[in-house]
Amino acid sequence: MDRVALVSGGTRGIGAAISVALKAAGYRVAANFAGNEEKAKAFHDETGIPVFKWDVSDYHACVEGIAEIETALGPVEILVNNAGITRDGMFHKLTPEQWNEVIGTNLTGLFNMTHPVWSGMRDRSFGRVINISSINGQKGQMGQVNYSAAKAGDLGFTKALAQEGAAKNITVNAICPGYIATEMVRAVPEKVLNERIIPQIPVGRLGEPEEIARCVVFLASDEAGFITGSTLTANGGQFMAG
Ligand code: NDP
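Just so you know, the residues in each chain are numbered from 1, in the order the chain's sequence is written. Restriction of local features to residues with pLDDT of at least 70 applies here, the model being predicted, together with a cutoff of 80 or more for giving and counting side-chain atom pairs; totals for whole chains, interfaces and linings are based on all residues.

1. Some words on the UniProt feature "domain: Ketoreductase" (unreviewed entry) in the protein chain
Piece 1. Here, UniProt's "domain: Ketoreductase" (unreviewed entry) annotation points to residues 3-178.
Piece 2. By definition, any uninterrupted DSSP run of H or I lasting at least four residues is a helix, any uninterrupted run of E lasting at least two residues is a strand, and each is numbered from the N terminus. Taken as a whole, residues 3-178 contains 53% helix and 19% strand, while its terminal C-alpha atoms sit 29 Å from one another. UniProt positions are given in the numbering used here, feature names are shortened, and annotations may be inferred rather than shown by experiment.

Have a look at this one:
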């Protein structure tokens, strides 16, 4: 497999599992990260996957970072928009900074990362764009108006862009994970996790990052070419969107 896959936020949590699974499936993988050098170095040392630091909320940084990857590895044919952050708070306390940071990374980041690879995908008549949204973008979550809005926006982005890419053999899909055991979820107080969140998950446990990674490998494959504009939910039965 010669294809190059780029995973934003690909050095930790779900993104790290995605990078590793794509490498195991034969892709040449590049993993982006924001600033946690220590985790990125440990990830690189363990996996051999090259890591590239830039902020997906900065369009010009994305253009430059992707150009560097394409020079080193070749054109990006699989793009996984996974980088995401939370800045939680009840709406009456939410600051403009918390709003803008989450929208900038979790929604504008999709534009910033996808736009620089889109023309190349069109020219080559092949591409896979896989956006990691969230259950909370589907159902809304109190204390996460910013995050829910961004993640719901990711689904609109997916459906509209899928229509534009279809004639050029570019698929654009979203995955909506439920609660997955990563640092993002470990930031939730244990009492809230055990008493409020896990009881809402019919399978009775958090998901594992590898369970999301397997969904990505499938959507990236040639065999998934008829699937576009879709939302794949992987949430242990917590929310069954129509
Ligand atoms: P983590 O916090 O464990 O990892 C986030 C990754 O994204 C890190 O590699 C981080 O880089 C990177 N990142 C964050 N901001 C930026 C940025 N501005 N530019 C570039 N990279 C950035 O998150 P998860 O693995 O838990 O989540 C991954 C995705 O899955 C997110 O989009 C999240 O919203 C979504 N999701 C997660 C769920 C969960 O339960 N965990 C549930 C539903 C959706 P660095 O290491 O340098 O900080």
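2. A word on the nonpolar core
Piece 1. In these notes, a nonpolar core means any group of buried Ala, Val, Leu, Ile, Met, Phe, Trp, Tyr and Cys residues linked to one another through C-beta atoms within 7 Å. Buried means a residue has 20 or more other C-beta atoms within 10 Å of its own C-beta, exposed means 12 or fewer, and partly exposed covers the counts in between; C-beta atoms are placed from the backbone. Counting residues in each nonpolar core, the largest one holds 57 residues, and the members touching the most others are A5, I18, L22 and V216.
Piece 2. Contact definition: two residues whose C-beta atoms, as placed from backbone geometry, lie within 7 Å. In contact with A5, not counting residues within four places along its chain, are L22, Y27, V29, I78, V80 and A220.

3. Looking at the site of the ligand
Piece 1. By convention here, the C-beta atom is placed from the backbone, and a residue is near a molecule or strand when that atom is within 6 Å of it. Of all residues adjacent to the ligand, which total 31 residues, the nearest are G9, G13, N36, G84 and M184.
Piece 2. Of all the secondary-structure elements, those providing two or more residues to the shell around the ligand are helix 1 (13-24), strand 2 (28-33) and helix 7 (183-186).

4. Section: the pairing of strand 2
Piece 1. The buried fraction of strand 2 amounts to six of the six residues, a majority that puts the element mostly inside the structure.
Piece 2. Of the two faces of strand 2, the one carrying R28, A30 and N32 and the one carrying V29, A31 and F33 are both buried.
Piece 3. With four bridges joining them, strand 1 (residues 4-7) and strand 2 adopt parallel strand pairing. The partner of A5 across the bridge, within strand 2, is V29.
Piece 4. At this point the chain moves from strand 1, through helix 1, to the parallel strand 2, and the crossover so formed is right-handed.
Piece 5. We treat two strands as partners when DSSP finds at least two bridges between them. As paired elements, strand 2 and strand 3 (residues 51-53) share three bridges and run parallel to each other. A clockwise course of the path from the first strand over the helix to the second, judged with the strands pointing away from the viewer, identifies a crossover as right-handed.

5. Concerning the packing of helix 4 (residues 96-124) against helix 6 (residues 145-165)
Piece 1. Relative to each other, helix 4 and helix 6 sit at 15 degrees, their axes nearing to 9 Å. Considering the angle they form, helix 4 stands roughly parallel to helix 6. The two elements helix 4 and helix 6 meet at a crossing, and its hand is right-handed. Every residue of helix 6 that contacts helix 4 at Q98, W99, V102, I103, N106, L107 and L110 is listed here: N146, Y147, A150, K151, G153, D154 and F157.
Piece 2. Residues that form the contact of helix 4 with helix 6 fall into these classes: eight nonpolar, four polar and two charged. Angles run from 0 to 180 degrees between N-to-C directions of axes, and those axes are lines fitted to C-alpha atoms, restricted for helices to the stretch in contact. For classification purposes, angles smaller than 35 degrees are called roughly parallel, those larger than 145 roughly antiparallel, those between 65 and 115 roughly perpendicular, and all remaining angles oblique. For any helix crossing, the convention is left-handed if the near helix is rotated counterclockwise from the far helix by under a right angle, and right-handed if that rotation is clockwise. Charged means Asp, Glu, Lys or Arg here, nonpolar means Ala, Val, Leu, Ile, Met, Phe, Trp, Tyr, Cys or Pro, and polar covers whatever is left, Gly included.

6. Re the environment of F239
Piece 1. By the secondary structure assignment, F239 is in the segment after strand 7 (231-234).
Piece 2. When neighbours within four sequence positions are excluded, F239 is seen to be in contact with I135, Q138 and K139.

7. Here's the deal with the sheet that holds strand 7
Piece 1. An order of 3-2-1-4-5-6-7 is seen for the seven strands of this open sheet, with the pairing classed as parallel. In this open sheet, the two strands that pair with only one neighbour each are strand 3 and strand 7. The sheet shows a mean angle of 20 degrees between the axes of neighbouring strands, direction not considered.
Piece 2. In this structure, strand 6 (residues 170-177) lies alongside strand 7, joined through four bridges in parallel fashion. Looking at strand 7, one finds that P177 is bridged to A234.
Piece 3. Relative to strand 3, helix 2 (residues 37-47) is tilted by about 160 degrees, and along the sheet it contacts strand 2 and strand 3.

8. Regarding unusual backbone geometry
Piece 1. One non-glycine residue, S125, lies in the positive phi region at around 55 degrees.
Piece 2. Mapping S125 onto the fold places it in the loop between helix 4 and strand 5 (127-132).
Piece 3. With a phi angle near 65 degrees, N169 is a residue other than glycine that sits in the positive phi range.
Piece 4. For N169, the location among the structural elements is in the loop between helix 6 and strand 6.

9. A word on helix 1
Within an α-helix, residues lying three or four positions from one another point in the same direction, as the helix has 3.6 residues per turn.
Piece 1. One fewer than the residue count of a helix, multiplied by 1.5 Å, yields its expected span. Relative to the 16 Å expected for 12 residues at 1.5 Å per residue, helix 1 spans 17 Å between its end C-alpha atoms, a close match to the ideal helical length.
Piece 2. With 10 of 12 residues buried, helix 1 is to be regarded as a mostly interior element.
Piece 3. Along helix 1, the positions that sit buried rather than exposed are G13, I14, G15, A16, A17, I18, S19, V20, A21 and L22.
Piece 4. Backbone geometry just downstream of helix 1 places G26 in the positive-phi region, at approximately 105 degrees.

10. Quick look at the packing of helix 1 against helix 9 (residues 209-220)
Piece 1. At a closest axis distance of 8 Å, the pairing of helix 1 and helix 9 adopts a crossing angle of 50 degrees. With respect to each other, helix 1 and helix 9 are oriented oblique. For helix 1 against helix 9, the interelement crossing comes out right-handed. Here G13, I14, A16, A17, I18, A21 and L22 of helix 1 come into contact with helix 9, specifically with P209, E210, I212, A213, R214, V216, V217 and A220.
Piece 2. In terms of residue class, the contact of helix 1 with helix 9 is made up of 12 nonpolar, one polar and two charged.

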